[in-house]
Amino acid sequence: MRVNQNVLMARKKNIIILTVFIALQIIFVLLAAVFNGRSDSVSPIFLFFAGLVGILCIALDIFFWHKYIHGLGRLVHVEPVPCTVENFIITYIKQDRRIRYVITPVLRCNTDGRLYITLGRLSTSWYRSLYTSTGHSLSNIRIIRSDGTDVNIGDTAYMYISQTVTPDIVIDRISNTVNIGNDKIRFSANNNSLPIDIFNSLTYFKGAVDVDTI
């Protein structure tokens, strides 16, 4: 059975990231234990927040492992489907009064001609993206291959499909938001060449998009 080396390499990188993150957590616990050992008494408030941080870290570890390690592990032997980059959809996430933009390729399958996309909770894609913005205005956004070149419309990409899904799609044109199952997507209307109605014409899948040569 064929092994997808690009998926395997992405999974290994995520394992290293998780290992480093866990090591930092262990160092933090050891430092906290040393600090507590030098104190005559431990504040209940300190114990509460230390426990809360510990639970949060464990939850993040489990989430990262399940999505980006276990999820990619399920794609190692999946046959890649060649596609053509039809266009891009740009969405955004609000974090601490800041806006982080996300670019997602819309793929035209070379075998059945349908438009496919994976994003939000469905996606385990590992491609990098860069953007520049001024305030809340997006100036430029692009997907970058591992060799540093940009991904453009008409380029070849590959889908690794774990499962096709048919989520409920609810489009709110007033607020420019789209509910895709349990995911609420904020659509960046000013920076998309595709209209928001495209979400009703897409085939959704769990899996990943590979923009590099395989």
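Each chain has its residues counted from 1, following the order in which its sequence is written. Where totals are concerned, whole chains, interfaces and linings use all residues; where local detail is concerned, this predicted model gives features only for residues with pLDDT of at least 70, and gives and counts side-chain atom pairs only at 80 or more. Heavy atoms throughout the structure, all of them, feed into the side-chain values; hydrogens and water do not.

1. Some remarks on the confidence of the model for the protein chain
Per residue, pLDDT captures the predictor's confidence, and it can take any value from 0 to 100. Averaged over the protein chain, the pLDDT score is 87; the fraction of residues at 70 or greater is 90%. By definition, any uninterrupted DSSP run of H or I lasting at least four residues is a helix, any uninterrupted run of E lasting at least two residues is a strand, and each is numbered from the N terminus. Across the protein chain, element-level confidence peaks in strand S3 (residues 115-117) with a mean pLDDT of 97 and bottoms out in helix H2 (residues 44-73) with 80.

2. Topic: a nonpolar patch on the surface
Any residue with relative accessible area above 30% and no salt bridge may belong to a patch, with like charges joined within 9 Å and the nonpolar Val, Leu, Ile, Met, Phe, Trp and Tyr side chains within 5 Å. Note that accessible areas follow from Shrake-Rupley with a 1.4 Å probe, and for residues the cover is restricted to the protein chains shown. Definition used for salt bridges: Asp or Glu carboxyl oxygen within 4 Å of a side-chain nitrogen of Lys or Arg. A cluster of nonpolar side chains, namely Ile16, Val20, Leu24, Ile27 and Leu31, defines an oily patch on the protein surface of about 490 Å² accessible area. Relative to the helices and strands, Leu24 resides in helix H1 (residues 5-37). Residue Leu24 is classed as exposed on the basis of its relative accessible area of 51%. Relative accessibility decides the category of a residue: with a 1.4 Å probe and only protein chains considered, values under 20% of the type maximum give buried, values over 50% give exposed, and everything between is partly exposed.

3. Observations concerning the environment of Leu75
Considering the arrangement of structural elements, one finds Leu75 in the loop between H2 and strand S1 (81-95). Remark: the alpha-carbon pair of Leu75 and Val3, spanning 72 residues in sequence, is separated by 9.1 Å. Among all residues touching Leu75, those that are not within four sequence positions of it are Asn4, Val7, Thr124, Tyr160, Ile161, Ser162, Gly207 and Ala208. Residue contacts follow a heavy-atom distance rule, with two residues in contact if any of their heavy atoms lie within 4.5 Å.

4. Describing the nonpolar core
Formed by 22 residues in total, the largest nonpolar core has its most connected members in Tyr101, Leu107, Ile143, Met159 and Val209. For this core, the secondary-structure elements that each account for two or more residues are S1, strand S2 (98-109), strand S5 (137-144), strand S6 (156-165) and strand S10 (203-210). Among the elements that line this core, the one with the most residues is S1, at 6 residues. Residues contacting Val209, with those up to four places away along its chain left out, are Pro105, Leu107, Thr118, Ser125, Tyr127, Ala157 and Tyr158. Counting 18 residues, the second largest nonpolar core, distinct from the first, contains Val106, Val178, Phe199 and Tyr204. As used in this record, nonpolar core signifies buried Ala, Val, Leu, Ile, Met, Phe, Trp, Tyr and Cys residues forming a set joined through side-chain atoms within 4.5 Å.

5. A word on the environment of Gly181
Turning to its location among the elements, Gly181 is positioned in the loop between strand S8 (177-180) and strand S9 (183-187). The class for Gly181 is partly exposed, based on a relative accessible area of 38%. Along the primary structure Gly181 and Arg121 are separated by 60 residues, whereas in three dimensions their C-alpha atoms are 9.6 Å apart. Beyond its immediate chain neighbours, meaning those up to four positions away, Gly181 contacts Pro167 and Asp168.

6. Some points on the packing of aromatic side chains
A pair of aromatic rings is counted whenever rings of Phe, Tyr or Trp (Trp by its six-membered ring) have centres within 6.5 Å, and the orientation is called stacked for planes under 30 degrees apart, edge-to-face for over 60 and tilted otherwise. Tallied over the entire structure, the rule returns 6 aromatic pairs. Ring geometry for Tyr101 against Tyr131: centres 5.5 Å apart, planes inclined by 75°, an arrangement best described as edge-to-face. Taken together, the positions of Tyr101 in strand S2 and Tyr131 in strand S4 (residues 128-134) put the pair 30 residues apart, joining distant regions of the chain. When its relative accessible area of 31% is taken as the criterion, Tyr131 is described as partly exposed. Between the aromatic rings of Trp126 and Tyr160, the centroid separation amounts to 6.2 Å while the plane-to-plane angle is 40°, which identifies the pairing as tilted. With a gap of 34 residues between them, Trp126 in the loop between S3 and S4 and Tyr160 in strand S6 connect regions that are remote in the sequence. Here a set of aromatic residues connected by ring pairs shows up, and it is made of Tyr92, Tyr101 and Tyr131.

7. Looking at the side chain of Thr118
Relative to the helices and strands, Thr118 resides in the loop between S3 and S4. The class of Thr118 is buried, set by a relative accessible area of 1%. Among the polar contacts listed, one links the side chain of Thr118 to the backbone nitrogen of Ser123, at a separation of 3.4 Å. Here a polar contact is taken to be a pair of N or O atoms separated by no more than 3.5 Å, where protein atoms must pair a possible hydrogen donor with a possible acceptor and residues adjacent in sequence count only if both atoms sit in side chains. Polar contacts involving the side chain of Thr118 include one to the main-chain carbonyl oxygen of Phe205, which spans 2.8 Å. Not counting residues up to four positions away in its chain, the partners in contact with Thr118 are Thr104, Ser123, Ser125, Phe205, Lys206, Gly207, Ala208 and Val209.

8. Thoughts on unusual backbone geometry
Positioned with a positive phi, Asn176 is a non-glycine residue whose angle comes to about 55°. Tracing the chain through its elements places Asn176 in the loop between strand S7 (169-172) and S8. Classification of Asn176 as partly exposed rests on a relative accessible area of 25%.

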